[in-house]
Amino acid sequence: MQFGLSEEQILLQDNVNRFLDDNSPLDRVRTYADGGEDTDIWAELAELGIPALLIPEAQGGIGLQPMDAAIVAECLGSHIAPTPFLGSAVMAPTALVASGGDHGDLLAAIAAGTTRVGIAFGEAIKRRNDAGVTVKDGRMSGTSMYAFDAQADVYLVADQHQHIYLVRADDPGLTRSHLATVDKTRRTVELEYNNVAAETVSTAASVFEAAIDMGRVALAADTLGAAQNMLDQAVEYAKQREQFNRPIGSFQAVKHMCAEMAAELEPCRSMVWFAGHALAELPEEARVTACHTKAHLAEVGQFVAKTSTEVHGGMGFTDLVGLHYWFKRIGANRQWLGAPEFVREEAAVLQGI
Amino acid sequence: MDLSFGPEYDDFRADVVSFLANNADKAPKGNDLRGEAAKDWQKLLIENGYTCRTIPKEYGGYGAEPDILKARIIAEEFSSARVNGGLGGQGISMLVPTLLEMGTQEQKEQFIRPTIHGDMLWCQGYSEPGAGSDLASLTTSAVLDGDEWVINGQKIWTSTAHIADWIFCLVRSEPDAPKHKGISFLLFDMKTPGIEVRPLVDMTGVANFNETFFTDVRLPKHQIVGERGEGWQVANAILGHERETLAPANTAQTRINALIELMKQETVNGDALINNPVYRERLMKIQGKVMAMRFNELRILSARLNPGQDPGLARMITKLEGTELRHDLEGLAIDVMGEMGLAYDDNPHLRNSGSWQREYMYFLGLIIGGGTSQIQKNIISERGLGMPREPKFEKAS
């Protein structure tokens, strides 16, 4: 019995963290947030094999497991790195492989980092207002909101029946407009389809579910990394900052906030590991665990984001320290692919409750 | 990641399950510490190695090598079958491990067998009215007079003192030494003249706690565990372990499953509570937390089995998180039942024998006892996160 990371996984984690320490420091994130590109970071992550993680070796990938993807997501969240990881490396490969279709060329291009695949699943999870897509005779019409990766080459789009289609970003019928959100570390877009060529990837619910479960665990892992980083910053700040001739971290009012954050966050690490492991090895538990992990990390992440900002006092509220990038990333992870109440209801239904 | 325990353990689990299937009807229902049924059940469990498993045979135990996974399997199966896992009490859970580690040969031979067989019931004399969270400031005095210790002072929260045969007690024997170095760990008979026990009724309505007064209580000099002035180390040898086991996640899992059943059966205006969206949401939120704590425990288990694996803060947070979680869980059951959730004592409408209210309050007791939540937060922040300690103030003279 061994519950935790293997030596290979610790090595993977160290490698990705070291790369991101050098290539995605806060200043670099700010450049992206101010309108810059993430293409250089993604190209170098491709050198490390990151987009190829979940793609089988036969298709030019590395053939690792969901838990490995969760480990990388945690590193990216910790560094609030701007990358198309969630769509291109996690959800798209999961859906394409699960579909059983012949997507060898596309998977090889994803693995090489030369093709970015965006995800527009919002309408299949919970359709807001008048968004939604319809497909007839291979042509798609309608609108997807909050699709992620603003610079994708192709998109996987899900309709309300959880059927998945592939559309090309350069299709003349596709209009892509930027949707500003609070989270400046990743960009979302609105996709408007006007008679766009749509290739059917899957009409099976199981394919959609595989992609959404993996995506939710990856988002939870991203929040885990971001929240741990915020907690670490708060503890460090509380040790340095002095008031009343004492480090503020020696006041119980402050140190108890840190203890509460740590106490809530520590079990989350085990939960993310288990959820990742379950996706590959425990099909009976995988779906409920993915829902609960997504929802629980959203709650703990929100608590840590607020509390660690408070520990920083007024500085936490400024742009100077930059904590707000983590705060907003955690906020975005909470809403993407299903907000907590929505996902918990799904967990109940999955248990026959 | 490898969650399997291995075939040897699958066989062991099957043995436990079959033992439970064949014998569960003999198990006593309550937490009786003295009755014959409880003692007989205890003997049967020891014979089969399901309690006191690693206590040597020469002291009346089962005598198995320590095996973390087997201990875990026993706990899991007894918990999920909701069968009494044997005698509890602080003699078995705290004194016996302490004696095994630090007691003399005579002490082991004299005390362990009768304690684990239920013939000798112990109480613990640690806390005092003036020494709660700051336990090391205790003032009950022990003065050596010839070959006897003479004890004077008062203890509080002494569970089962009113029925206990003996007490293990922390006393100040070296008044001039620094506070952590002036304490000794003594053992004495509760029938010794000079002991007065006054029951302390707790909020659940039970008088399990007591105030215990000592006036010139005399006991032989050799009834000490460890050396003079080493009592603090003796007591701390196993305290951390107690904290971790106060609110195990598998019990929380059993309770949330019971709550789901309750919510399926109970109705309001003819509709099952489980269909109420607000209650469902609260239920699922707590289920998610229970799940996180279960996996946290797996990580602790794994770190014990695989030296070199870092459990992070996983162990340090279990008392704080586990007790608060159980309090919330039991409280949700009361909320969903509305006024039916208030049922207590002999109310004919009790659900699950009134356990929801009882456990709701009992876990508030555990949030406070065994190191309060606030003390836990000090430990987590200072020892876990390396934050600066609160400045210490010496007692004004």
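Residues numbered from 1 in each chain as written. Chains lettered and ligands numbered in written order. Predicted model: local features only at pLDDT ≥ 70, side-chain atom pairs only at ≥ 80, totals over all residues.

Colleague: Just to check I follow, could you spell out the overall build of chain A for this structure?
Modeller: Counting its regular elements, chain A contains 13 helices and ten strands. The globule rule puts the C-alpha radius of gyration for 353 residues at 20 Å, and the 20 Å found for chain A is close to it. Dimensions of chain A along its principal axes, counting C-alpha atoms only, are 75 × 45 × 40 Å. Taking the intrachain contacts of chain A between residues at least 6 apart in sequence as the baseline, contacts between residues at least 24 apart amount to 75%. (Helix = DSSP H or I, 4+ residues; strand = E, 2+ residues; numbered from the N terminus. Rg over C-alpha atoms; globule rule 2.2 N^0.38 Å. Contact = placed C-beta atoms within 7 Å.)

Colleague: Please explain the overall build of chain B as it appears in this structure.
Modeller: Along chain B, the regular secondary structure elements total eleven helices and ten strands. Once the C-alpha set of chain B is aligned to its principal axes, its extents read approximately 75 × 50 × 50 Å. Residue pairs in contact within chain B that sit at least 24 positions apart in sequence constitute 68% of those at least 6 positions apart.

Colleague: How should the pairing of strand S1 (residues 117-120) of chain A be read in this particular structure?
Modeller: As a general feature of sheets, a regular strand has side chains that alternate between the two faces. Residue and element names in this part refer to chain A. Burial of S1 is two-sided: the residues Val-117 and Ile-119 facing one way and the residues Gly-118 and Ala-120 facing the other way are all buried. Looking at chain direction, S1 and strand S4 (residues 154-158) are connected through four bridges and run parallel. Among the inter-strand pairings, Gly-118 is bridged to a residue of S4, identified as Tyr-155. (Buried ≥ 20, exposed ≤ 12 C-beta atoms within 10 Å, placed from the backbone. Pairing = 2+ DSSP bridges.)

Colleague: Just checking my understanding: could you explain the nonpolar core for this structure?
Modeller: Proteins that are soluble and globular tend to have nonpolar side chains buried together. The biggest cluster of nonpolar side chains holds 157 residues, and the ones touching the most others in it are Cys-258 and Ala-262 of chain A. Among the elements that take part in this core, helix H8 (residues 205-240) of chain A stands out by supplying 20 residues, more than any other. Those residues in contact with Cys-258 of chain A, other than ones at most four positions away along the chain, are Leu-231, Ala-234, Val-235, Ala-238 and Val-311 of chain A together with Ser-381, Leu-385 and Met-387 of chain B. Cys-52, Val-96, Ile-183 and Val-234 of chain B belong to the second-largest nonpolar core, a separate cluster that totals 54 residues. (Core = buried A, V, L, I, M, F, W, Y, C linked by C-beta atoms within 7 Å.)

Colleague: Honestly, the environment of Ala-295 of chain A in this entry has me stumped. Any pointers?
Modeller: The residue Ala-295 of chain A is located in helix H10 (residues 283-311) in this model. Ala-295 of chain A gets classed as buried once you count the C-beta atoms within 10 Å, which come to 27. It is 9.7 Å that separates the C-alpha atoms of Ala-295 of chain A and Gln-335 of chain A, two residues lying 40 residues apart in sequence. Setting aside its immediate chain neighbours within four residues, Ala-295 of chain A contacts Pro-340, Val-343 and Arg-344 of chain A together with Gly-288 of chain B.

Colleague: Is there a simple way to explain the packing of helix H13 (residues 340-350) of chain A against helix H8 (residues 277-305) of chain B in this structure?
Modeller: For the pair H13 of chain A and H8 of chain B, interaxial distance at closest approach is 9 Å and the crossing angle is 85°. In terms of axis orientation, H13 of chain A runs roughly perpendicular to H8 of chain B. From H13 of chain A, Glu-341, Arg-344, Glu-345, Ala-347 and Ala-348 of chain A reach across to H8 of chain B, where they touch Arg-280, Glu-281, Met-284, Lys-285 and Gly-288 of chain B. Tallied by class, the residues present in the contact of H13 of chain A with H8 of chain B amount to three nonpolar, one polar and six charged. (Axes fitted to C-alpha atoms, helices over the stretch in contact; angles between N-to-C directions. Parallel < 35°, antiparallel > 145°, perpendicular 65-115°, else oblique. Nonpolar A, V, L, I, M, F, W, Y, C, P; charged D, E, K, R; others polar.)

Colleague: Explanation requested: the domain arrangement of chain A in the structure shown.
Modeller: The accessible area lost on association of the parts is a frequent measure of interface size. Residue and element names in this part refer to chain A. Split by domain assignment, chain A resolves into domain 1 (7-116), domain 2 (118-204) and domain 3 (206-350). The C-alpha-based centres of domain 2 and domain 3 are spaced at 28 Å. Among the residues making up the side of domain 2 that touches domain 3, the classes are represented as seven nonpolar, four polar and three charged. (Domains from an automatic or database assignment.)

Colleague: Mind showing me how you'd approach the interface of chain A and chain B here?
Modeller: Each partner contributes to the interface: chain A provides 38 residues, whereas chain B provides 43 residues. Broken down by secondary-structure element, the contributors of at least two residues to the side of chain A that touches chain B are H8, helix H9 (252-281), H10 and H13 of chain A. Among the elements that take part in the side of chain A that touches chain B, H9 of chain A stands out by supplying 17 residues, more than any other. In terms of residue class, the side of chain A that touches chain B is built from 19 nonpolar, eleven polar and eight charged.

Colleague: What exactly am I supposed to notice about the packing of H10 of chain A against H8 of chain B here?
Modeller: For any two helices packed against each other, one specifies the inter-axial angle together with the distance between the axes. The contact between H10 of chain A and H8 of chain B brings their axes to 9 Å, and the two run at 100°. The pairing of H10 of chain A with H8 of chain B is recorded here as roughly perpendicular in orientation. Note on element contacts: H8 of chain B touches H10 of chain A through Gln-287, Gly-288, Lys-289, Met-291 and Ala-292 of chain B, opposite Thr-289, His-292, Ala-295 and His-296 of chain A. By residue class, the composition of the contact of H10 of chain A with H8 of chain B is three nonpolar, five polar and one charged.

Colleague: How should the domain arrangement of chain B be read in this particular structure?
Modeller: Residues and elements named next belong to chain B. Once the domains are mapped, chain B shows domain 1 (7-88), domain 2 (122-231) and domain 3 (246-384). Between domain 2 and domain 3, the C-alpha centre-to-centre distance is 33 Å. Counting residues at the interface gives four residues for domain 2, matched by six residues for domain 3.

Colleague: What am I meant to see in the environment of Gln-107 of chain B here?
Modeller: Residues and elements named next belong to chain B. As for its position among the elements, Gln-107 is in helix H5 (residues 105-116). Residues Gln-107 and Leu-187 lie 80 residues apart in sequence; the distance between their C-alpha atoms is 9.7 Å. Every residue in contact with Gln-107, bar those within four places of it in the chain, is listed here: Leu-99 and Val-225.

Colleague: When you look at the pairing of strand S2 (residues 141-145) of chain B in this model, what are you seeing that I'm missing?
Modeller: Residue and element names in this part refer to chain B. Taken together, the five bridges between S2 and strand S3 (residues 148-156) define a ladder with antiparallel strand orientation. From the neighbouring strand, Asp-145 faces S3, where its bridge partner is Glu-148. Connecting S2 to the antiparallel partner S3 that follows it, the hairpin turn spans two residues, and Gly-146 within it adopts a positive phi of roughly 65°.

Colleague: Looking at this structure, how should I read helix H2 (residues 36-48) of chain B?
Modeller: The α-helix advances 3.6 residues per turn, and as a result positions three or four apart in sequence lie on the same side. All names here are of chain B. Between the first and last C-alpha of H2 there are 18 Å, a value that for 13 residues agrees with the 18 Å anticipated at 1.5 Å per step. Residues Ala-38, Trp-41, Gln-42, Leu-45 and Ile-46 constitute the buried set of H2. Around the axis of H2, the buried residues are gathered within 135° of arc, so they sit on the same side. Of the exposed residues in H2, those oriented more than 90 degrees away from the buried face are Glu-36 and Glu-47. The inward-facing, buried residues of H2 abut H5. Within two residues after H2, Gly-49 carries a phi angle of roughly 80°, on the positive side. (Expected span 1.5 Å × (residues − 1). Arc of directions from axis to C-beta.)

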